[in-house]
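# Survey of secondary and tertiary structure
Okay, here's what each chain looks like letter by letter:
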Amino acid sequence: MKSTNHILDIALEISDQAAELIRLSSQKIKSFKSKGEVSNLVTQTDIEVDKLIAGKIKESFPEHNVVSEELGSKNLSSEYTWYIDPIDGTNNFVHNYPSFAVSIGVYLRSKPIVGVVYDIPNNEKFFALKDGGSFSNDSKISVSNKDRFSEGLYVTGFIPYDENYIEKNLQVIKNINLNSHGVRRLGAASLDMCHVAKGIVEGFWEYNLQPWDTAAGNIIVTEAGGTVSNENGSQYNFDKCIVVSNNKVHKDFLKIINES
Ligand code: IPD
Ligand code: CA
Ligand code: CA
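Residues numbered from 1 in each chain as written. Chains lettered and ligands numbered in written order. Predicted model: local features only at pLDDT ≥ 70, side-chain atom pairs only at ≥ 80, totals over all residues. Heavy atoms only, no water.

This next bit is on the site of ligand 1. Around ligand 1 there are 16 residues in total, and Asp88, Gly89, Thr90, Gly187 and Glu206 lie nearest to it. Interatomic distance of 3.2 Å between a side-chain N/O atom of aspartate 85 and an oxygen atom of ligand 1. Between an oxygen atom of ligand 1 and a main-chain N or O atom of isoleucine 87, the distance comes to 3.2 Å. Calculation on ligand 1 without its partners gives an accessible area of 380 Å², and the protein chains cover 86% of this total. Of the residues forming the shell around ligand 1, the biggest block, three residues, is contributed by strand 5 (residues 80-88). Residue classes in the shell around ligand 1 are distributed as six nonpolar, four polar and six charged. (Near = heavy atom within 4 Å. Polar contact = N/O pair within 3.5 Å; in protein donor to acceptor, adjacent residues only side chain to side chain. Areas by Shrake-Rupley, 256 points an atom, 1.4 Å probe, with all protein chains shown as cover. Helix = DSSP H or I, 4+ residues; strand = E, 2+ residues; numbered from the N terminus. Nonpolar A, V, L, I, M, F, W, Y, C, P; charged D, E, K, R; others polar.)

The structure is reproduced here in C-alpha coordinates:
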(Lines give C-alpha, C1' and ligand atoms only; values in the text may rest on other atoms or scores of the structure.)
(Ligands and ions follow the chains in the order given, each with its own letter.)
Protein backbone atom coordinates (compact mmCIF):
# COMPACT_ATOMS: atom_id res chain seq x y z
CA MET A 1 0.00 0.00 0.00
CA LYS A 2 1.29 3.46 -0.95
CA SER A 3 1.92 5.76 1.98
CA THR A 4 -1.07 8.08 2.33
CA ASN A 5 1.33 10.85 3.37
CA HIS A 6 3.13 10.51 0.06
CA ILE A 7 -0.17 10.72 -1.84
CA LEU A 8 -1.04 13.88 0.11
CA ASP A 9 2.37 15.44 -0.66
CA ILE A 10 1.90 14.80 -4.38
CA ALA A 11 -1.69 16.09 -4.32
CA LEU A 12 -0.51 19.30 -2.60
CA GLU A 13 2.30 19.73 -5.11
CA ILE A 14 -0.11 19.21 -8.03
CA SER A 15 -2.60 21.68 -6.56
CA ASP A 16 0.15 24.34 -6.37
CA GLN A 17 0.98 23.86 -10.04
CA ALA A 18 -2.68 23.93 -11.02
CA ALA A 19 -3.25 27.09 -8.97
CA GLU A 20 -0.30 28.76 -10.68
CA LEU A 21 -1.73 27.98 -14.12
CA ILE A 22 -5.18 29.27 -13.11
CA ARG A 23 -3.65 32.49 -11.70
CA LEU A 24 -1.77 33.12 -14.96
CA SER A 25 -4.94 32.52 -16.97
CA SER A 26 -6.95 34.81 -14.67
CA GLN A 27 -5.10 37.78 -16.03
CA LYS A 28 -6.18 37.02 -19.59
CA ILE A 29 -9.59 37.46 -21.19
CA LYS A 30 -11.58 34.30 -20.56
CA SER A 31 -13.46 32.92 -23.48
CA PHE A 32 -15.92 30.22 -22.56
CA LYS A 33 -18.17 27.66 -24.20
CA SER A 34 -21.45 26.33 -22.99
CA LYS A 35 -21.62 22.54 -22.44
CA GLY A 36 -25.29 22.53 -23.45
CA GLU A 37 -27.28 24.64 -20.99
CA VAL A 38 -26.67 28.39 -20.83
CA SER A 39 -25.07 28.28 -17.35
CA ASN A 40 -22.97 25.13 -17.82
CA LEU A 41 -19.65 26.66 -18.83
CA VAL A 42 -16.17 25.44 -19.66
CA THR A 43 -13.06 27.51 -20.47
CA GLN A 44 -9.80 26.58 -22.11
CA THR A 45 -8.23 26.87 -18.66
CA ASP A 46 -10.50 24.13 -17.23
CA ILE A 47 -9.22 21.78 -19.92
CA GLU A 48 -5.56 22.80 -19.62
CA VAL A 49 -5.61 22.44 -15.84
CA ASP A 50 -7.33 19.07 -16.06
CA LYS A 51 -4.63 17.85 -18.48
CA LEU A 52 -1.88 19.15 -16.22
CA ILE A 53 -3.31 17.38 -13.16
CA ALA A 54 -3.97 14.11 -15.00
CA GLY A 55 -0.41 14.17 -16.44
CA LYS A 56 1.14 14.75 -13.00
CA ILE A 57 -0.87 11.91 -11.45
CA LYS A 58 0.28 9.63 -14.26
CA GLU A 59 3.94 10.54 -13.59
CA SER A 60 3.70 9.63 -9.89
CA PHE A 61 1.02 6.92 -9.86
CA PRO A 62 0.68 5.49 -13.37
CA GLU A 63 -1.53 2.64 -12.16
CA HIS A 64 -4.15 4.80 -10.35
CA ASN A 65 -7.66 5.45 -11.71
CA VAL A 66 -8.54 9.07 -12.51
CA VAL A 67 -12.03 10.55 -12.79
CA SER A 68 -12.07 14.18 -13.89
CA GLU A 69 -14.74 16.62 -14.93
CA GLU A 70 -13.35 17.63 -18.30
CA LEU A 71 -11.40 14.51 -19.38
CA GLY A 72 -13.71 11.75 -18.13
CA SER A 73 -12.63 8.49 -16.50
CA LYS A 74 -9.52 6.36 -16.77
CA ASN A 75 -10.30 3.11 -15.02
CA LEU A 76 -7.19 0.96 -14.57
CA SER A 77 -8.85 -1.32 -11.98
CA SER A 78 -6.67 0.19 -9.27
CA GLU A 79 -7.80 0.36 -5.63
CA TYR A 80 -6.95 4.06 -5.76
CA THR A 81 -9.09 6.64 -7.56
CA TRP A 82 -8.35 10.35 -7.94
CA TYR A 83 -11.37 12.64 -8.41
CA ILE A 84 -10.43 15.92 -10.06
CA ASP A 85 -12.30 19.17 -10.52
CA PRO A 86 -9.75 21.42 -12.25
CA ILE A 87 -11.82 24.53 -11.52
CA ASP A 88 -14.75 24.16 -9.17
CA GLY A 89 -16.72 27.36 -9.69
CA THR A 90 -16.03 27.91 -13.39
CA ASN A 91 -18.80 30.52 -13.69
CA ASN A 92 -17.24 32.49 -10.83
CA PHE A 93 -13.83 32.18 -12.53
CA VAL A 94 -15.29 33.57 -15.77
CA HIS A 95 -16.85 36.53 -13.91
CA ASN A 96 -13.91 37.14 -11.53
CA TYR A 97 -16.23 36.43 -8.60
CA PRO A 98 -13.77 35.37 -5.88
CA SER A 99 -14.97 31.84 -5.14
CA PHE A 100 -13.33 29.08 -7.18
CA ALA A 101 -10.92 26.28 -6.39
CA VAL A 102 -8.93 23.29 -7.56
CA SER A 103 -10.38 20.17 -5.96
CA ILE A 104 -8.47 16.87 -5.69
CA GLY A 105 -9.82 13.92 -3.73
CA VAL A 106 -8.23 10.47 -3.48
CA TYR A 107 -10.17 7.33 -2.54
CA LEU A 108 -8.83 3.93 -1.55
CA ARG A 109 -11.32 1.07 -1.98
CA SER A 110 -14.22 3.55 -2.27
CA LYS A 111 -13.29 5.48 0.91
CA PRO A 112 -11.74 8.97 0.98
CA ILE A 113 -8.14 9.09 2.21
CA VAL A 114 -6.83 12.47 0.99
CA GLY A 115 -8.45 15.77 0.03
CA VAL A 116 -7.04 19.08 -1.21
CA VAL A 117 -9.16 22.12 -2.07
CA TYR A 118 -7.22 25.22 -3.09
CA ASP A 119 -9.23 28.46 -2.87
CA ILE A 120 -7.27 30.47 -5.42
CA PRO A 121 -8.64 34.04 -5.07
CA ASN A 122 -8.26 33.86 -1.29
CA ASN A 123 -5.00 31.94 -1.33
CA GLU A 124 -6.29 29.39 1.16
CA LYS A 125 -5.33 25.76 0.79
CA PHE A 126 -7.51 23.25 2.63
CA PHE A 127 -6.33 19.68 2.99
CA ALA A 128 -6.98 16.53 5.00
CA LEU A 129 -5.51 13.11 5.50
CA LYS A 130 -7.38 10.04 6.82
CA ASP A 131 -6.97 10.07 10.63
CA GLY A 132 -4.61 13.05 10.31
CA GLY A 133 -6.98 16.02 10.73
CA SER A 134 -7.96 18.92 8.47
CA PHE A 135 -5.97 22.04 7.78
CA SER A 136 -6.28 25.47 6.22
CA ASN A 137 -2.78 26.51 5.09
CA ASP A 138 -0.80 25.50 8.20
CA SER A 139 -3.54 25.70 10.81
CA LYS A 140 -5.68 22.85 12.03
CA ILE A 141 -9.38 23.49 11.48
CA SER A 142 -12.54 22.14 13.05
CA VAL A 143 -16.27 22.51 12.61
CA SER A 144 -18.25 24.96 14.74
CA ASN A 145 -19.66 24.11 18.15
CA LYS A 146 -23.10 25.60 17.53
CA ASP A 147 -25.78 23.12 18.45
CA ARG A 148 -28.91 25.14 17.76
CA PHE A 149 -30.01 24.83 14.17
CA SER A 150 -31.71 28.22 14.42
CA GLU A 151 -28.42 29.95 15.28
CA GLY A 152 -26.58 28.52 12.28
CA LEU A 153 -25.65 29.92 8.87
CA TYR A 154 -26.17 27.60 5.87
CA VAL A 155 -24.97 27.41 2.28
CA THR A 156 -26.33 25.64 -0.78
CA GLY A 157 -25.88 25.42 -4.51
CA PHE A 158 -28.14 24.46 -7.36
CA ILE A 159 -28.06 23.70 -11.02
CA PRO A 160 -30.51 26.27 -12.42
CA TYR A 161 -31.46 23.97 -15.31
CA ASP A 162 -32.43 20.88 -13.34
CA GLU A 163 -36.23 21.04 -13.21
CA ASN A 164 -36.44 17.96 -10.96
CA TYR A 165 -34.73 19.60 -8.03
CA ILE A 166 -35.14 23.35 -8.45
CA GLU A 167 -38.64 23.55 -6.89
CA LYS A 168 -37.67 21.27 -4.04
CA ASN A 169 -34.51 23.22 -3.33
CA LEU A 170 -36.30 26.58 -3.44
CA GLN A 171 -38.66 25.24 -0.78
CA VAL A 172 -35.73 24.06 1.37
CA ILE A 173 -34.01 27.44 0.96
CA LYS A 174 -37.21 29.22 2.03
CA ASN A 175 -37.68 27.07 5.13
CA ILE A 176 -34.04 27.27 6.23
CA ASN A 177 -34.04 31.03 5.68
CA LEU A 178 -37.11 31.34 7.90
CA ASN A 179 -35.61 29.16 10.65
CA SER A 180 -31.94 30.13 10.89
CA HIS A 181 -29.44 32.95 10.47
CA GLY A 182 -29.77 32.51 6.71
CA VAL A 183 -28.71 30.79 3.50
CA ARG A 184 -25.78 31.72 1.23
CA ARG A 185 -24.94 30.60 -2.33
CA LEU A 186 -21.32 31.12 -3.39
CA GLY A 187 -21.01 28.82 -6.40
CA ALA A 188 -18.20 26.38 -5.59
CA ALA A 189 -19.38 23.25 -3.76
CA SER A 190 -15.89 22.15 -2.70
CA LEU A 191 -15.37 25.48 -0.92
CA ASP A 192 -18.84 25.40 0.62
CA MET A 193 -17.82 22.10 2.23
CA CYS A 194 -14.50 23.55 3.43
CA HIS A 195 -16.43 26.43 5.02
CA VAL A 196 -18.34 23.89 7.12
CA ALA A 197 -14.99 22.25 8.01
CA LYS A 198 -13.60 25.62 9.04
CA GLY A 199 -16.60 26.40 11.22
CA ILE A 200 -17.78 29.57 9.43
CA VAL A 201 -21.06 27.95 8.33
CA GLU A 202 -22.92 25.18 10.13
CA GLY A 203 -24.22 23.31 7.09
CA PHE A 204 -24.26 22.80 3.31
CA TRP A 205 -26.62 20.83 1.10
CA GLU A 206 -27.04 20.38 -2.63
CA TYR A 207 -28.74 18.10 -5.15
CA ASN A 208 -27.08 16.60 -8.20
CA LEU A 209 -23.40 17.13 -7.46
CA GLN A 210 -20.79 14.97 -9.15
CA PRO A 211 -17.98 12.95 -7.47
CA TRP A 212 -15.33 15.52 -8.48
CA ASP A 213 -17.31 18.27 -6.68
CA THR A 214 -17.45 16.46 -3.32
CA ALA A 215 -14.61 13.88 -3.08
CA ALA A 216 -12.03 16.23 -1.54
CA GLY A 217 -14.49 18.19 0.60
CA ASN A 218 -15.86 14.97 2.10
CA ILE A 219 -12.68 14.04 3.97
CA ILE A 220 -11.89 17.68 4.81
CA VAL A 221 -15.26 17.89 6.60
CA THR A 222 -15.13 14.54 8.40
CA GLU A 223 -11.52 15.02 9.56
CA ALA A 224 -12.62 18.42 10.94
CA GLY A 225 -15.31 16.67 13.03
CA GLY A 226 -18.28 17.18 10.71
CA THR A 227 -20.81 14.82 9.14
CA VAL A 228 -21.40 14.09 5.45
CA SER A 229 -24.56 12.13 4.62
CA ASN A 230 -27.29 11.75 2.05
CA GLU A 231 -30.79 13.06 2.79
CA ASN A 232 -31.68 9.86 4.71
CA GLY A 233 -28.78 10.37 7.08
CA SER A 234 -26.80 7.40 5.68
CA GLN A 235 -23.13 7.75 4.83
CA TYR A 236 -22.75 9.80 1.62
CA ASN A 237 -21.71 7.68 -1.31
CA PHE A 238 -21.94 10.12 -4.23
CA ASP A 239 -25.74 10.19 -3.77
CA LYS A 240 -28.19 12.62 -5.45
CA CYS A 241 -28.35 14.79 -2.33
CA ILE A 242 -25.46 15.71 -0.05
CA VAL A 243 -26.01 17.04 3.46
CA VAL A 244 -22.95 18.33 5.31
CA SER A 245 -22.87 19.78 8.80
CA ASN A 246 -20.94 20.39 11.99
CA ASN A 247 -22.65 17.18 13.21
CA LYS A 248 -24.45 18.94 16.09
CA VAL A 249 -27.22 20.36 13.88
CA HIS A 250 -27.39 17.36 11.52
CA LYS A 251 -30.62 15.82 12.81
CA ASP A 252 -32.56 19.11 12.60
CA PHE A 253 -30.97 19.84 9.22
CA LEU A 254 -32.17 16.51 7.77
CA LYS A 255 -35.63 17.09 9.24
CA ILE A 256 -36.09 20.49 7.60
CA ILE A 257 -34.80 19.19 4.24
CA ASN A 258 -37.08 16.15 4.30
CA GLU A 259 -40.13 18.08 5.47
CA SER A 260 -39.77 20.85 2.84
C1 IPD B 1 -20.37 23.69 -9.87
C2 IPD B 1 -20.15 24.36 -8.53
C3 IPD B 1 -21.46 24.93 -8.02
C4 IPD B 1 -22.52 23.90 -7.92
C5 IPD B 1 -22.71 23.21 -9.25
C6 IPD B 1 -21.39 22.61 -9.74
P7 IPD B 1 -18.37 23.69 -11.68
O8 IPD B 1 -19.16 23.12 -10.35
O9 IPD B 1 -19.63 23.47 -7.57
O10 IPD B 1 -21.32 25.47 -6.73
O11 IPD B 1 -23.73 24.51 -7.53
O12 IPD B 1 -23.65 22.20 -9.08
O13 IPD B 1 -21.58 21.98 -10.98
O14 IPD B 1 -19.23 23.35 -12.85
O15 IPD B 1 -18.15 25.11 -11.51
O16 IPD B 1 -17.13 22.84 -11.63
CA1 CA C 1 -17.55 21.45 -9.82
CA1 CA D 1 -15.35 22.34 -12.80
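As a further point, take the confidence of the model for the protein chain. Averaged over every residue, the pLDDT of the protein chain is 95; residues scoring 70 or more account for 99%. Mean pLDDT values over the elements of the protein chain span from 83, in strand 1 (residues 32-34), up to 99, in helix 5 (residues 189-197). (pLDDT = per-residue confidence, 0-100.)

On to the environment of serine 73. Within the secondary structure layout, serine 73 lies in strand 4 (residues 72-74). With relative accessibility at 61%, the residue serine 73 sits in the exposed group. Between the C-alpha atom of serine 73 and that of tyrosine 83, which follows or precedes it by 10 residues, the distance is 9.2 Å. Once residues lying within four places of it in the same chain are set aside, the contact partners of serine 73 are Val66 and Val67. (Buried < 20%, exposed > 50% of the residue type's maximum accessible area, 1.4 Å probe, protein only. Contact = heavy atoms within 4.5 Å.)

The next point concerns the nonpolar core. Counting residues in each nonpolar core, the largest one holds 31 residues, and the members touching the most others are Ile7, Ile22, Ile53, Trp82, Val102, Ile104 and Val114. Counting residues per element, the ones that place at least two in this core are helix 1 (4-26), helix 2 (44-60), strand 5, strand 6 (101-108), strand 7 (111-119) and strand 8 (124-129). Among the elements that take part in this core, helix 1 stands out by supplying nine residues, more than any other. (Core = buried A, V, L, I, M, F, W, Y, C linked by side-chain atoms within 4.5 Å.)

Turning to the pattern of salt bridges, a few remarks are in order. Taken as a whole and judged by the stated rule, the model has seven salt bridges. Notably, a salt bridge pairs arginine 148 with glutamate 151, separated by 3.7 Å at the nearest N-O pair. (Salt bridge = Lys/Arg side-chain N within 4 Å of Asp/Glu carboxyl O.)

Our focus in this paragraph is the coordination of the calcium ion (ligand 3). The protein atoms donating to the calcium ion (ligand 3) are Glu69 (OE), Asp85 (OD) and Ile87 (O), with metal-donor distances spanning 2.2 to 2.3 Å. Using a relative accessible area of 1% as the deciding quantity, one classes isoleucine 87 as buried. (Donors = N, O, S within 2.8 Å, 3.2 Å for Na, K, Ca; no water.)

On to the environment of valine 116, then. You can see valine 116 is positioned in strand 7. On a C-alpha basis, the gap between valine 116 and tyrosine 154 in space is 22 Å, while along the polypeptide they are 38 residues apart. Every residue in contact with valine 116, bar those within four places of it in the chain, is listed here: Leu8, Ala11, Leu12, Ser15, Val102, Ser103, Ile104, Lys125, Phe126, Phe127, Ala216 and Ile220.

Okay, the coordination of the calcium ion (ligand 2) next. All of the protein donors around the calcium ion (ligand 2) are Asp85 (OD), Asp88 (OD) and Asp213 (OD); their distances to the metal are 2.1 to 2.3 Å. Written as a sequence motif, the donor residues of the calcium ion (ligand 2) are D-x2-D-x124-D. If you look at the calcium ion (ligand 2) and the calcium ion (ligand 3), they sit 3.8 Å from each other and are both ligated by aspartate 85. Here aspartate 213 lies in helix 6 (residues 211-223) and aspartate 88 lies in strand 5, a separation of 125 residues in the sequence. Note on accessibility: aspartate 88 and aspartate 213 belong to one class, buried.

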